[in-house]
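# Reading the structure
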Amino acid sequence: MVAAALCALAILFARPAHAERVRDLGQFQGVRTNQLTGYGVVVGLPGTGDDNLEYLTQAMKGVSGRMGLSLPPGIAPGLKNAAAVIVTADLPAFAKPGQRIDVTVSTIGKAKSLRGGALVMTPLYGADGQIYAMAQGNLAVGGLDASGKDGSKVTVNIPTVGRIADGGSVERAVATGFDSGETLRWNLFEADFLTAARVRDAINRRIPGLASVEDGVTLALHLPADADARANTMAMIEMIEVSPAETPARVIVNSRTGTVVINAAVRLSPAAISHGKLTVRIDENPTVVQPAPLSRGKTAVEQNSTVTTDEEKRAVALFKGGASLAKVVDALNMLGVTPSDLVAILEALKQAGALKAEMVVI
């Protein structure tokens, strides 16, 4: 029992600090989802459809034609119970014909709601223009739209988008390259030579000579030809734990919301910051001046302006060399800066060469 406990402790402490599984750092090339898109028609709506939308009329003619019914030429039927929609879905890796996938249905016209509608059989195309799935079924819509005759309207969530669980049937499989070729490539989610080298070393410690680095993203894996042995090797590789390289120092600024995110790798060179705020206030107090009696004068308005200035006194924050994220946050909190002021300070530090980080504006 004691020996077993010591072995367990040894294994525990042998694990690398902040280790992540290989499957969380990247993925095998070709083993991915593929996007599918189709154009279809939703019917059965309670008067919330597209009415006489031209491309809806054309679509309905195509649907009726497939069923042996031809609409007379020059006839534009009123289709308030139908809506033209775009159907989207994700085709998982290794999906085989006959398997079911979820589909999302979204209006492209003036339809007010898809609640209660049913999607007519719609082909779903891949990027190569080939049909990979067929979609059909009743929509589940989480939104609600109600309006009154006086123009009042209430909308809850989005009633013009619906979803059909298992509404798509896979008709064609996508080749992944899993069962062809002697080499299978594995790609990092983010390029980093050090992380790629550490993943290679961790894999080669299990199976010597299996992995080699091609660039900062890709590893070449020399896997066995047998499909069962290849799958077992891939499963083993995905569960290997690796300590990734420290992320680059970055400051992310969202210019639309004013959000600023600073990661732990950011460091500062010696710098002093003094941030103040000057407020100029102008008060207008016009005075009405009346003429003297019997002077034939006119009433006039005399302008009276008062200008005042107010400058907040702020302390000066001193950053020593190599200041960490915690030190930066504490000093900026001492200055009492707002998010917009923080962006200005960080930009000034970057221009002064004191901020050792990449600034990314999104």
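Relevant structure appears above.
Residues numbered from 1 in each chain as written. Predicted model: local features only at pLDDT ≥ 70, side-chain atom pairs only at ≥ 80, totals over all residues. Heavy atoms only, no water.

## Some points on the overall build of the protein chain
The line we're drawing: In this description a helix means any DSSP run of H or I spanning at least four residues, a strand means any run of E spanning at least two, and both kinds are numbered starting from the N terminus. Note on areas: Shrake-Rupley, 1.4 Å probe, and residue coverage restricted to the protein chains presented here.
Helix and strand counts for the protein chain come out as 7 helices and 25 strands. Total accessible area on the protein chain is roughly 22100 Å²; 56% of this is exposed by carbon and sulfur atoms.

## Here we look at the packing of aromatic side chains
How we decide: Think of it this way: a Phe, Tyr or Trp ring, Trp meaning its six-membered ring, pairs with another when their centres are within 6.5 Å, and the plane angle makes it stacked under 30 degrees, edge-to-face over 60, tilted otherwise. For a ring to carry a charge above it, either NZ of a lysine or CZ of an arginine must fall within 6 Å of the ring centroid while also lying within 35 degrees of the normal to the ring plane.
The final tally for this structure, using the stated rule, is 0 aromatic pairs. The side chain of Arg-172 reaches across the aromatic face of Tyr-132, ending 5.5 Å from its centre.

## Re the side chain of Arg-230
Threshold: As used in this structure description, the phrase polar contact means that two N or O atoms lie within 3.5 Å; if the pair is within protein, one of them must be able to donate a hydrogen and the other to accept it, and residues adjacent in sequence are counted only when both atoms belong to side chains.
Take Arg-230: it is sitting in helix α5 (residues 227-238). In this structure the side chain of Arg-230 is engaged in a polar contact, spanning 3.0 Å, whose partner is the backbone oxygen of Pro-224.

## Details of the sheet that holds strand β10 (residues 161-170)
Stated formally: Two strands qualify as a pair provided DSSP detects at least 2 bridges between them. Inter-axis angles, ranging from 0 to 180 degrees, are taken between N-to-C directions of lines fitted to C-alpha atoms, where helices are fitted over the stretch in contact.
Here 6 strands make up a closed barrel; going around it, the order is β3-β4-β5-β10-β7-β6 and the pairing antiparallel. Taking each pair of neighbouring strands and ignoring which way they run, the sheet shows an average axis angle of 30 degrees. Sheet analysis places strand β7 (residues 131-138) next to β10, joined by 3 bridges and oriented antiparallel. When the bridges of β10 are listed, Ala-133 appears paired with Val-170.

## Some points on the sheet that holds strand β13 (residues 218-222)
Stated formally: Contact definition: two residues touch when any of their heavy atoms are within 4.5 Å.
The 4 strands lie next to each other as β2-β11-β13-β12, forming an open sheet whose pairing is antiparallel. The open sheet has two free edges, formed respectively by β2 (26-28) and β12 (211-213), since each of these has just one partner strand. Taking the axes of each pair of neighbouring strands and ignoring which way they run, one obtains an average angle of 25 degrees across the sheet. Taken strand by strand, helix α4 (residues 193-206) contacts β11 (183-188), β12 and β13, and its axis lies near 165 degrees from that of β12.

## Side note on α5
Here is the rule we go by: Working rule for helices: expected span equals 1.5 Å times residues minus one.
Taking 1.5 Å per residue, 12 residues should reach 16 Å; α5 reaches 16 Å between its end C-alpha atoms and fits that length. Turning to α5, the residues buried within the fold contact α2 (22-25), β2, β11, α4 and β13. By the N-cap criterion, in which a side-chain oxygen at the helix start approaches the backbone nitrogen of a residue two or three places on, α5 is capped by Asp-226, the distance to Asp-228 being 3.3 Å.

## Here we look at the environment of Val-103
Heads up, the rule is: Per-residue accessibility, obtained with a 1.4 Å probe over protein chains only, is compared with the maximum for each type, and a residue is labelled buried under 20%, exposed over 50%, and partly exposed between these values.
Tracing the backbone through its elements, the reader meets Val-103 in strand β5 (residues 100-107). Accessibility expressed as a relative area gives 0% for Val-103, which makes it buried. When the C-alpha atoms of Val-103 and Ala-135 are compared, they prove to be 7.3 Å apart, with 32 residues separating the residues in sequence. Setting aside residues no more than four positions away along its own chain, Val-103 makes contact with Val-87, Thr-88, Ala-89, Leu-124, Ala-135, Gly-162, Arg-163, Ile-164, Gly-167 and Gly-168.

## Topic: the nonpolar core
Generally speaking, soluble globular proteins have nonpolar side chains that are buried together. Definition in use: The term nonpolar core refers to a set of buried residues drawn from Ala, Val, Leu, Ile, Met, Phe, Trp, Tyr and Cys, joined through side-chain atoms within 4.5 Å.
Counting residues in hydrophobic clusters, the biggest one holds 23 residues, and the most contacted among them are Val-42, Val-87, Val-105, Leu-114, Leu-119, Leu-124 and Leu-139. Only β3 (34-43), β4 (82-91), β5, β6 (118-125), β7 and β10 provide two or more residues apiece to this core. Of the residues forming this core, the biggest block, 5 residues, is contributed by β4. Dropping the residues within four chain positions of it, Leu-124 is found in contact with Leu-36, Thr-37, Gly-38, Val-87, Ala-89, Val-103, Gln-130, Ile-131, Tyr-132, Ala-133 and Ala-135. Within the second largest apolar cluster, 20 residues are counted, among which are Phe-28, Leu-184, Val-199 and Leu-221.

## Quick notes on the pairing of β6
Pairing geometry for β3 and β6, over 3 bridges, is antiparallel. Bridge pairing in β6 places Val-42 opposite Leu-119. Here 6 bridges tie β6 to β7, and the two strands are oriented antiparallel to one another. Each residue of the ladder has a partner; that of Thr-122, found in β7, is Ala-135. With antiparallel pairing between neighbouring strands as the criterion, β6 and β7 make up a hairpin whose turn holds 5 residues, including Gly-129 at a positive phi of roughly 80 degrees.

## Re the environment of Thr-88
Counting through the fold element by element, Thr-88 comes out in strand β4. For Thr-88, a relative accessible area of 34% gives the class partly exposed. Through-space distance from the C-alpha of Thr-88 to that of Gly-168 is 9.9 Å; in sequence the pair is 80 residues apart. Aside from chain neighbours lying at most four places away, what touches Thr-88 is Leu-36, Thr-37, Val-103 and Thr-104.

## A closer look at the pairing of strand β15 (residues 250-253)
Of the two faces of β15, the one holding Val-251 and Val-253 is buried and the one holding Arg-250 and Ile-252 is not buried anywhere. With 4 bridges joining them, β15 and strand β25 (residues 358-361) adopt parallel strand pairing. Bridging across to β25, Arg-250 finds its partner in Glu-358. Relative to strand β16 (residues 260-262), β15 runs antiparallel, the two being bridged by 3 bridges. Bridge pairing in β16 links Ile-252 to Val-261. In textbook terms, the turn of a hairpin is the stretch between consecutive antiparallel strands, and for β15 and β16 this stretch comprises 6 residues, one of which, Gly-258, has a positive phi near 80 degrees.

## Considerations on the pattern of salt bridges
Applicable threshold: Only one rule defines a salt bridge in this text: a Lys or Arg side-chain nitrogen within 4 Å of an Asp or Glu carboxyl oxygen.
What the rule picks out here adds up to 4 salt bridges. A salt bridge links Asp-102 to Arg-163, with the nearest nitrogen and oxygen atoms 3.6 Å apart. Of the two residues, Asp-102 sits in strand β5 while Arg-163 sits in strand β10, which places them 61 residues apart along the sequence. What makes Asp-102 partly exposed here is its relative accessible area of 32%. As a salt-bridge pair, Asp-201 and Arg-200 come within 3.0 Å of each other at their nearest N and O atoms. Since its relative accessible area comes to 32%, Asp-201 is described here as partly exposed.

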